[in-house]
Amino acid sequence: MVHEDSAHLQIQHYSAWTQMKQAISGAASGFVTRTFTQPLDVLKIRFQLQVEPVATRGINPSKYTSLAQACRLIYREEGLLAFWKGHNAGQILTMTYAIMQFWSYEQIDLRLRQYPYMSTRTNLTHFVAGGSAGCLGAFASMPFDVIRTRVVGQDHNQRHSSMFRLLPIIAQEEGVQGLFRGLGTTLLQIGPLIGFNFMFYHYITDLVTQMSGDDRQKLSIATSLLTGAASGVLSKVILYPLDFIKKRLQLQGFVNARRSFGRNQTCNGIIDCVKKTLQEEHISGFYKGMYPTLMKSGLTTACYFSIYDAFKEMLKVDEDKTLAD
């Protein structure tokens, strides 16, 4: 039930110019972050899509057995540029996502803070605003996520090596729904994940400012990187299995381009994927690729927040607000 005072609120919003600078800061954050973290993303996806248990011996030894071995094998078979496979789609994905996420977060957070109930519950406000913004960003960028996953996950000798070749093929053979494979799992994962990211980031940053006595705007880049990394790792550990399932679902209908990677899992939906993974790979299967993921998540979140805050400061994104009509 809405607080009785909220009916008389004069809702504020950021000016158009301030919103534009928020979007620019988000785009810059996404671009820089993706460039540095793409190799870790490639490693994560390769491990997630590997059905065989991670082992060097046995009847069906896995292709990738450790981070070091995977790096050596990918470099030997595909060359250095393989670590940036899917980078074009990944870059568009990240920039689209970052723009939508940070821009919508600022608008939702401002709106929520004007309601008495939410204004006194800052952690909840950051969680709800972050989760909602994450879902909007994920929906807008989902087609690029599907394409990026397939570019990274296909055999190295496949001709469909770029997003520009894959996009029309997926649309023609699988329809529009093919570009949104795994959307349900993505939204289930991304909502709480980004909600936790923003909540932990602001909570840890507030703790640091209280302990140091410094103003939030005066915190160093190093401090922002550390608080961002901590929030990213904590959030990812909680929700990693959902990311694993999403990646498996995105490869359905694409098995012919992945024959050199070993056996491919075929499943119909989230529940079927969970059942087959439990049956064939046990609980540990849901955490395949977690170590590169935690490295990437910590680095990504650290870069996202610190670069976004730095660009906001550089562009002098102020709190220019106007009353809504």
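These figures come from a predicted structure and were not determined experimentally. Each chain has its residues counted from 1, following the order in which its sequence is written. In keeping with the model being predicted, local features are shown solely for residues with a pLDDT of at least 70 and side-chain atom pairs are shown and tallied solely at 80 or more, while totals for entire chains, interfaces and linings include all residues. Values shown for side chains rest on all heavy atoms present in the structure; no hydrogens or waters enter the calculation.

S.K.: I'd love a proper account of unusual backbone geometry, names of residues and values included.
M.R.: One non-glycine residue, His282, lies in the positive phi region at around 65°. Throughout this description, buried means an accessible area under 20% of the type-specific maximum (1.4 Å probe, protein chains only), exposed means over 50%, and partly exposed covers the range between. Classification of His282 by relative accessible area gives exposed; the value is 52%.

S.K.: Let's hear about the environment of Phe36: which residues, and what values?
M.R.: Within the secondary structure layout, Phe36 lies in helix H1 (residues 16-48). What makes Phe36 exposed here is its relative accessible area of 57%. It is 8.4 Å that separates the C-alpha atoms of Phe36 and Thr300, two residues lying 264 residues apart in sequence. By definition, any uninterrupted DSSP run of H or I lasting at least four residues is a helix, any uninterrupted run of E lasting at least two residues is a strand, and each is numbered from the N terminus.

S.K.: Quick one: what's the story with helix H7 (residues 183-212), residue by residue and with numbers?
M.R.: In this scheme, a helix's expected span is set at 1.5 Å multiplied by one less than its residue total. With 30 residues, H7 ought to run about 44 Å at 1.5 Å a step, and its terminal C-alpha atoms sit 42 Å apart, in line with that. Looking one or two places after H7, you find Gly213, whose phi comes out positive at around 80°.

S.K.: Give me the lowdown on the nonpolar core, citing residues and values where you can.
M.R.: Across soluble globular proteins, nonpolar side chains show a tendency to be buried alongside one another. Buried residues of nine kinds, namely Ala, Val, Leu, Ile, Met, Phe, Trp, Tyr and Cys, make up a nonpolar core once their side-chain atoms join them within 4.5 Å. Formed by 22 residues in total, the largest nonpolar core has its most connected members in Tyr97, Phe102, Ile190, Ile194 and Phe198. Those elements giving two or more residues to this core turn out to be helix H3 (87-112), helix H5 (122-153), H7 and helix H10 (290-314). Considering every element that reaches this core, the biggest residue donor is H7, with nine residues. Contacts of Ile194, omitting those with residues within four sequence positions, involve Tyr97, Gln101, Gly130, Gly131 and Gly134. Within the second largest apolar cluster, nine residues are counted, among which are Tyr240, Phe244, Cys267 and Met290. Contacts are assigned to residue pairs that have any heavy atoms within 4.5 Å of one another.

S.K.: Could you give me a rundown of the environment of Lys246, with the residues and numbers involved?
M.R.: Mapped onto the elements, Lys246 comes out in helix H8 (residues 221-250). Judged by its relative accessible area of 6%, Lys246 is buried. Here the alpha-carbon distance between Lys246 and Leu187, two residues 59 residues apart in the chain, equals 9.7 Å. Those residues within four positions of Lys246 in sequence are excluded, and the remaining contacts are Asp145, Gly182, Thr185, Thr186 and Gln189.

S.K.: If you had to explain the pattern of salt bridges to someone new, which residues and values would you point to?
M.R.: Note on pairing: side chains with opposite charge can pair once their charged atoms come close. We count a salt bridge whenever a side-chain nitrogen from Lys or Arg sits within 4 Å of a carboxyl oxygen from Asp or Glu. A complete count under the given rule lists 11 salt bridges for this structure. Between Arg181 and Glu174 there is a salt bridge whose closest N-O contact spans 2.8 Å. We note a salt bridge from Lys236 to Asp243, for which the minimum N-O separation is 3.9 Å. Since its relative accessible area comes to 8%, Lys236 is described here as buried. Overall, Asp243 belongs to the buried group, its relative accessible area being 2%. Taken together, the shared-partner salt bridges connect Arg34, Asp41, Lys44, Lys236 and Asp243 into one network.

S.K.: Which residues make up the packing of aromatic side chains, and what are the values?
M.R.: Two measures describe an aromatic ring pair: the distance that separates the ring centres and the angle between the ring planes. Two aromatic rings from Phe, Tyr or Trp, using only the six-membered ring of Trp, form a pair when their centres are within 6.5 Å; if the ring planes differ by under 30 degrees the pair is stacked, by over 60 it is edge-to-face, and anything between is tilted. Applying the stated rule across the entire model yields 13 aromatic pairs. With a centroid separation of 5.6 Å and 15° between ring planes, the pair formed by Phe196 and Phe200 is classed as stacked. Of the two residues, Phe196 and Phe200 both sit in helix H7, four residues apart, roughly one turn of that helix. For Phe200, a relative accessible area of 17% translates into the label buried. Where Phe244 meets Phe286, the ring centres are 5.8 Å apart and the plane angle is 70°; that geometry is what we call edge-to-face. Of the two residues, Phe244 is situated in helix H8 and Phe286 in the loop between helix H9 (269-281) and H10; the sequence distance between them amounts to 42 residues. With a relative accessible area of 0%, Phe244 lands in the buried category. The rings of Phe102, Tyr105, Phe198, Tyr201, Tyr304, Phe305 and Tyr308 are connected pair by pair, giving a single aromatic cluster. Lysine and arginine charges are scored as sitting over a ring when NZ or CZ, respectively, is within 6 Å of the ring centre and within 35 degrees of the ring normal. Lying over the aromatic face of Tyr117, Arg121 brings its terminal NZ or CZ to 3.8 Å of the ring centre.

S.K.: Outline the side chain of Lys236, supporting the account with residue identities and numerical values.
M.R.: Structurally, Lys236 can be placed in helix H8. Beyond its immediate chain neighbours, meaning those up to four positions away, Lys236 contacts Gln189, Leu193, Asp243, Thr293, Leu294 and Ser297.

S.K.: Break down a nonpolar patch on the surface for me, citing the residues and quoting the values.
M.R.: Nonpolar side chains collect at one region of the surface, where Trp17, Met20 and Ile24 lie side by side and expose about 340 Å² of accessible area between them. Position of Met20 among the secondary structure elements: in helix H1. In this structure Met20 comes out as partly exposed when scored by relative accessible area, which is 44%. Patches in this entry comprise residues that are over 30% relatively accessible and not in a salt bridge; like charges within 9 Å are linked, as are nonpolar side chains (Val, Leu, Ile, Met, Phe, Trp, Tyr) within 5 Å. For the accessible areas, the method is Shrake-Rupley and the probe is 1.4 Å, while residue cover comes only from the protein chains on display.

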